[in-house]
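Architecture at a glance
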Amino acid sequence: MSRQSELLHEAMRHMPQGVAENYRYWGPDRTVFIQRAKGCELVDVDGKTYVDFRLGYGPVILGYGDERVDRAVIAQIQSGGTLTGFATELDTTVVQQIKAMCPQIDKMRFANSGTEAVMGAVRTARGFTGRQRMATVEGGFHGLADELMWKSDIESWDAHSGLAPKVIPFGAGIPAQAHDLVDIIGLNDFAALEDLFVRRDHQLACVVLEPIIGNAGSIAASQEWLQRLRDLCTAQGTLLIIDEVKSGFRVAVGGAQSLYGIYADLTTYAKAMGNGYPVAAFGGRADVMDVVGANAGAVVHGGTYTANLVGLSAAHCTLDILANTDALQTVNRAGEQVRDVLGRVFTQAGIEHTFAGPPSMLGIHFTASVPQTYRDWRKTNSALYQAFCWQLIERGVMLEPDSREPWFFCEAHQHMDLAWLEDVATQSIGQALSAQ
Ligand SMILES: Cc1ncc(COP(=O)(O)O)c(C=O)c1O
């Protein structure tokens, strides 16, 4: 019996499914237990090494155990501790760093996770506008707050039915009422967008979206559609919330918004801002953020671990590296190199394929042209992609075996062995095809 199986067997007695959170359970034979991580590599408890393109769902932008960041965090802990429940100078310093990278930010508040940052942004939008309704985009993911845990049931949708997929909760325990104030529209669907703003005329506090959907294989909003959304929000006093939890400080120094040149009223950040240390933030227009405060009628925001110095010192160092070195160019180059390798492998194997999104957050879809909507994704050959991924994992390439999760790159990928990758990808696609 492998050490991994032993550990899972024991863990099952102590945690539901034997894991600390749902998404880590990959079944009785495939659930991964990691012993250590360094650079772009993981080593599991049985001593197997993987080159990792999952990177903890995206936060690792420099590499695991980056010594620059770790040293900064250790120095902070030793000199000033981790948490006092009081303000520090570092709070302002980190916001100043973010403002220098992201021009749409005037004021910010911190959080500990993407979920918390999104909840803070939505509450702020409601407090500012005095409205309650919000809208999101099909295929997006904004964390585990009940109101945002609704999705189009694409798995059981008949793509040829001519009907829309059913909207369902992520799972049990989510009250039906949590969906009462939320509309979901399709990405790049102009008619749905116009209709939304007619139906909910001046009722929407905010629209929340990832313009490059880091949770739907980096399918992206078109420039025109995002601009129309921006214009409609402005016209109706609806706040545009761009969720850059995955894309922020990854796809570009200024995030997805800088690639479009279209800016939100409020933005959420997390993942890459701390290279894997838990830290998040939300912020934007000063007039909007100024509704947050302690006065009667103000929006409440807080939390024991908010702006804890472990997260903030990691953010301080990570953002400094991202702003002042060519780290993101290196990350993008690694993504481009892997895109080239995989493109060759798929072409040689005769597989229709397309890549979506920026190279640092690379969507791979087995279909002829880049999906424009989440429903288009359903028409891709995701079963073959999944079989390919399991073969890769077998051969020491770690990734999420679901094409809705992009491949993530970090600075440490600059040292990967591309010839080896091409070889294992060729073997993996061959095996996946022959098993069909
Ligand atoms: C776009 C987006 N928003 C919010 C979240 C939630 O972040 P967290 O898991 O840190 O709560 C995620 C997580 O993957 C995300 O991708």
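Taken together, S113, G114, T115, F141, H142, G143, E210, N215, D243, V245, K246 and K271 make up the full set of residues near the ligand. Here G114 contributes a backbone N or O atom positioned 2.8 Å from an oxygen atom of the ligand. The separation between a nitrogen atom of the ligand and a polar main-chain atom of F141 is 3.3 Å. When isolated, the ligand has an accessible area of 390 Å², and the protein chains bury 82% of it. Among the residues making up the shell around the ligand, the classes are represented as 2 nonpolar, 6 polar and 4 charged.

All right, on to the domain arrangement of the protein then. Segmentation of the protein into domains returns domain 1 (32-65 + 326-434) and domain 2 (67-324). For domain 1 and domain 2, the distance between their C-alpha centres works out to 26 Å. Each partner contributes to the interface: domain 1 provides 36 residues, whereas domain 2 provides 37 residues. Between domain 1 and domain 2, roughly 3,100 Å² of surface is buried when both sides are summed, and carbon and sulfur atoms account for 57% of that area.

What follows concerns the sheet that holds strand β1 (residues 34-38). Pairing within the open sheet is mixed, and its 4 strands lie in the order β1-β2-β3-β17. The strands lining the two open edges of the sheet, one partner per strand, are β1 and β17 (397-398). For strand β2 (residues 41-44) and strand β3 (residues 49-52), the ladder comprises 3 bridges, and the chain directions are antiparallel. Note that in β3 the partner of L42 across the bridge is Y50.

Rules and cut-offs
- Residues numbered from 1 in each chain as written.
- Predicted model: local features only at pLDDT ≥ 70, side-chain atom pairs only at ≥ 80, totals over all residues.
- Heavy atoms only, no water.
- Near = heavy atom within 4 Å.
- Polar contact = N/O pair within 3.5 Å; in protein donor to acceptor, adjacent residues only side chain to side chain.
- Areas by Shrake-Rupley, 256 points an atom, 1.4 Å probe, with all protein chains shown as cover.
- Nonpolar A, V, L, I, M, F, W, Y, C, P; charged D, E, K, R; others polar.
- Domains from an automatic or database assignment.
- Contact = heavy atoms within 4.5 Å.
- Buried area = accessible area lost by both parts, 1.4 Å probe.
- Pairing = 2+ DSSP bridges.
- Helix = DSSP H or I, 4+ residues; strand = E, 2+ residues; numbered from the N terminus.

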